[in-house]
Amino acid sequence: MTKQLELQRPRLLTEVVGERIREAIVKGDLQLGEQVSEAQLAALMGVSKTPVREALVRLQGQGLVQIHPQRGTFVFRLSPEEVSHLCRFRVMVETEALRAAMASERARLIKGFRQCVKEMKGAEAAQDLPALARIDMAFHWNMFEACPSQYVVSAYELLRSQLTALRYRSPITNAVKSHQVLVDAVGDGDVEAACALLTEHILDNEPRYRAACELG
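For clarity, every value in this text was computed on a predicted model and none was experimentally measured. (Residues numbered from 1 in each chain as written. Predicted model: local features only at pLDDT ≥ 70, side-chain atom pairs only at ≥ 80, totals over all residues. Heavy atoms only, no water.)

*Asks:* For this particular structure, what's the right way to read the overall build of the protein chain?
*Replies:* The helix and strand tally for the protein chain stands at 10 helices and 3 strands. Ordered by position from N to C terminus, the α and β elements of the protein chain give α-β-α-α-β-β-α-α-α-α-α-α-α. The C-alpha extent of the protein chain, read off along each of the three principal axes, is 60 × 55 × 35 Å. Going through the 216 residues of the protein chain one by one, you find that 45% of them count as buried. Across the protein chain, contacts joining residues at least 24 apart in sequence account for 73% of those joining residues at least 6 apart. The positive charge centre, built from 27 side chains, and the negative charge centre, built from 27, are 4 Å apart in the protein chain. (Helix = DSSP H or I, 4+ residues; strand = E, 2+ residues; numbered from the N terminus. Buried < 20%, exposed > 50% of the residue type's maximum accessible area, 1.4 Å probe, protein only. Contact = heavy atoms within 4.5 Å. Lys, Arg positive; Asp, Glu negative; His and termini not counted. Charge placed at Lys NZ, Arg CZ, Asp CG, Glu CD.)

Okay, here's the thing in structure tokens:
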């Protein structure tokens, strides 16, 4: 069968609009807690309100917006208690992913970790905070790429979008040091030490995430 007969699925307008809005939320063009207007977004992007409305419904499923009938649509904002719950849920999911990844694909995990730390060094030297946020997200995603359990990966997807938005608003400034110790523990094969370091690392972020939600 010739490949010339294969059809390339066109990207739906809703998907394109959703990506644009998601990027605006994650990178801070839309503030946490800010009310968003379907009409204004449609006008800015040169589309009708229908794909914007559909995109916002999808983004609500990712936790990035909250849609309230009669009140409107708002970018998510977490209370201090919700930030605490997010961090503790993240501890449970990431430590389980780390354990599974170290048991099944430790070499792959170490390779991904080391590449991210190498990139972090360059971003730190350049004081490129958006790059640090992006690389930080990639570092932690390595655990899920090497994790054999799709249930664990699916659990992380529940918080991944909100976590990305919070990371961009509060990038860690000592990224190399705080991640290198984890790489070393994984390299030594010390599962318990690695999980303890990961737990400490995640919980240390809680004050910064709370501050990000307060600022919007």
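*Asks:* Before we go on, may I ask you to explain the pattern of salt bridges in this structure?
*Replies:* Oppositely charged side chains can pair when the atoms bearing their charge come close. Scanning the model with the defined rule gives 9 salt bridges in all. Note that Glu23 and Lys27 form a salt bridge whose closest N and O atoms lie 3.3 Å from each other. Residue classification places Glu23 among the partly exposed positions, given a relative accessible area of 40%. Note that Arg210 is salt-bridged to Glu206, the shortest N-O span being 2.8 Å. Within this pair, Arg210 and its partner Glu206 are both found in helix H10 (residues 206-215), separated by 4 residues, close to a single helical turn. Residue class for Arg210 comes out partly exposed when judged on its relative accessible area of 32%. (Salt bridge = Lys/Arg side-chain N within 4 Å of Asp/Glu carboxyl O.)

*Asks:* Please explain the nonpolar core as it appears in this structure.
*Replies:* One recurring pattern in soluble globular proteins: nonpolar side chains tend to sit buried together. In this structure, Ile21, Leu98, Leu109, Phe144 and Val186 are the most contacted members of the largest nonpolar core, which totals 68 residues. Ranked by residue count, the leading element in this core is helix H4 (residues 80-104), at 10 residues. Leave out the neighbours within four places in its chain, and Phe144 touches Val93, Glu94, Ala97, Val152, Val153 and Tyr156. (Core = buried A, V, L, I, M, F, W, Y, C linked by side-chain atoms within 4.5 Å.)

*Asks:* Teacher, can you tell me more about the packing of aromatic side chains here?
*Replies:* Any aromatic ring pair is given by two values, namely how distant the centres are and how the planes are angled relative to each other. Per the stated rule, a full pass over the model turns up 4 aromatic pairs. Here Trp141 and Phe144 contribute two aromatic rings whose centre-to-centre distance is 5.8 Å and whose plane-to-plane angle is 25°, an arrangement assigned as stacked. Here Trp141 and its partner Phe144 are both found in helix H6 (residues 129-145), 3 residues apart, which amounts to about one turn of the helix. Owing to a relative accessible area of 19%, Trp141 belongs among the buried residues under this scheme. Judged by centre distance (4.0 Å) and plane angle (20°), the ring pair of Phe144 and Tyr156 falls under stacked. Of this pair, Phe144 sits in helix H6 while Tyr156 sits in helix H7 (residues 150-169), and the two are 12 residues apart along the sequence. Neither Phe144 nor Tyr156 differs from the other in exposure class; each is buried. Members of the aromatic cluster, each reached through a chain of ring pairs, are Trp141, Phe144 and Tyr156. Above the face of the Trp141 ring, Arg160 is positioned so that its terminal group lies 3.8 Å from the ring centre. (Phe/Tyr/Trp six-rings, centres within 6.5 Å; stacked < 30°, edge-to-face > 60°. Lys NZ or Arg CZ within 6 Å of the ring centre and 35° of its normal.)

The analysis is restricted to geometry; functional conclusions fall outside its scope.
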